[in-house]
Amino acid sequence: MRYYTRKLGFYLVALWAALTLNFFIPRMMPGNPVDTLMAKLQQRGGAADPSIRRSYELLLGTDTGDPLISQYLSYLAGMLRGDLGVSVSVFPAAVSDVILEALPWTIVLVGVATLLSFLLGIGLGAVVGWKRGSWLDSLIPATTVLAAVPYFWLALILVAVFASALRWFPVNGGYDVILDPGWNGEFLASAVYHGILPALTIVISSVGGWLLGMRNMMVSTMSEDYVLTARAKGLRDTRVMTRYAARNAVLPSVAGFAISLGFVVSGSVITEQVFSYPGIGMKLLQAVENNDYALMQGIFLVITVAVLGANLVVDLLYGLIDPRTRAGH
């Protein structure tokens, strides 16, 4: 019990530290979101009335006149209530509404792509490790090179070849703009069609790491006594590979996969920018361009909670699976 209490305490402190940084860092950045709103107002023919500017300052909380510590405490209280403020870039929408609209796109895209790359990587890694020294080992350098290629460069290559040259897939967007979003077959088919290239970018970039890790663990596991005993009993190679070697070799990869799920929210920023995909990555870029402190804070909060939550789950599961991790706590 003490082990779990210490872990929960550690992650609560980490969450508080992340929230504190989330409050101060945007306020240290140059620019002012009120200036952005006033510029938009003037572009639409509105007057730069000082009273309007003051109303914006009070609404966004950029210059309330309160001491910084009071603003900080109000910010923490708002976080507890789920009040993330008002977005400047999508004014006057609430930040929570903007995030809830974009989050499903990112979760589906990066979540499915991460799962596919994991399954493909450990599957190939198990086979390559089992047949080490064969021609299959030539897959390792190729996938390692692809894993080292920057996301944006690979995404641009895929767009140039499959979207611009061959015209097999759309260049950008999350769905056909002539369709109304909804849970119907036509819209879902369009969303899947538009998501193939972004997902393929993530899969190609990620599969090499899973393959290499699984292959090395398979090579190590194959020298264990229980694998040698299974072979000595005359069991089929496929049974020994799947039920004895791969089953144990995959455990570190499962832990890594659980942690990688925490980065699903933040892992698509560059890919979404290249494909103009309507996810969290595009909203974050939009927030930075418009000095939208509230939206930036909201997105960073979602990313922080996702990463800390995934790591906490892994730590707690390790405590259940391997009692040795609880020793000394």
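Bear in mind the structure is a predicted one, so any value in this text is a computation, not a measurement.

Chemist: Please set out the environment of Asp-315 residue by residue, giving values where relevant.
Modeler: Note that Asp-315 resides in helix H14 (residues 293–321). Each C-alpha atom, one on Asp-315 and one on Tyr-4, is 8.8 Å from the other, the two residues being 311 residues apart in sequence.

Chemist: Report on the environment of Val-108, specifying residues and quantitative values.
Modeler: Within the fold, Val-108 resides in helix H5 (residues 95–130). Classification of Val-108 by relative accessible area gives exposed; the value is 53%. Each C-alpha atom of the pair Val-108 and Ala-199 lies 9.6 Å from the other, and the pair is 91 residues apart in sequence.

Chemist: I'd love a proper account of the nonpolar core, names of residues and values included.
Modeler: Membership of the largest hydrophobic core comes to 23 residues, with the highest contact counts inside it found for Ile-99, Leu-295 and Ile-299. Secondary structure elements with two or more residues in this core: helix H1 (2–28), helix H4 (68–81), H5, helix H13 (280–289) and H14. Excluding anything up to four places from it in sequence, Leu-295 contacts Ser-87, Ser-89, Val-95, Val-98, Ile-99, Lys-283 and Ala-287. Judged by nonpolar contacts, the second largest core, of 17 residues, contains Ile-122, Trp-130, Ala-230 and Ala-245.

Chemist: Pulling in residues and values, what's your account of unusual backbone geometry?
Modeler: With a phi close to 55°, Arg-167 is a non-glycine residue in the positive phi region. With respect to the secondary-structure elements, Arg-167 resides in the loop between helix H7 (151–165) and helix H8 (185–221). With a relative accessible area of 67%, Arg-167 lands in the exposed category. Positive phi, normally seen in glycine, also occurs at Ser-276, with a value near 50°. For Ser-276, the position within the fold is in the loop between helix H12 (269–275) and H13. Judged by its relative accessible area of 33%, Ser-276 is partly exposed.

Chemist: Tell me about a nonpolar patch on the surface, residues and numbers included.
Modeler: A cluster of nonpolar residues, Phe-152, Trp-153, Leu-156, Ile-157, Val-161, Leu-166, Trp-168 and Ile-270, forms a patch on the protein surface that exposes about 760 Å² of accessible area. The biggest single contributor to the nonpolar patch is H7, with five residues. Tracing the backbone through its elements, the reader meets Leu-156 in helix H7.

Chemist: Please give an account of the packing of aromatic side chains that cites residues and values.
Modeler: Across all of its chains, the model carries eleven aromatic pairs by this definition. Between Phe-23 and Tyr-72 the ring centres are 5.4 Å apart and the planes differ by 65°, which places this aromatic pair in the edge-to-face class. In this pair, Phe-23 is assigned in helix H1 and Tyr-72 in helix H4, connecting sequence segments 49 residues apart. For the pair formed by Phe-23 and Tyr-72, the shared burial category is buried.

Conventions adopted
- Residues numbered from 1 in each chain as written.
- Predicted model: local features only at pLDDT ≥ 70, side-chain atom pairs only at ≥ 80, totals over all residues.
- Heavy atoms only, no water.
- Helix = DSSP H or I, 4+ residues; strand = E, 2+ residues; numbered from the N terminus.
- Buried < 20%, exposed > 50% of the residue type's maximum accessible area, 1.4 Å probe, protein only.
- Core = buried A, V, L, I, M, F, W, Y, C linked by side-chain atoms within 4.5 Å.
- Contact = heavy atoms within 4.5 Å.
- Patch = residues over 30% accessible without salt bridge, like charges linked within 9 Å, V, L, I, M, F, W, Y side chains within 5 Å.
- Areas by Shrake-Rupley, 256 points an atom, 1.4 Å probe, with all protein chains shown as cover.
- Salt bridge = Lys/Arg side-chain N within 4 Å of Asp/Glu carboxyl O.
- Phe/Tyr/Trp six-rings, centres within 6.5 Å; stacked < 30°, edge-to-face > 60°.

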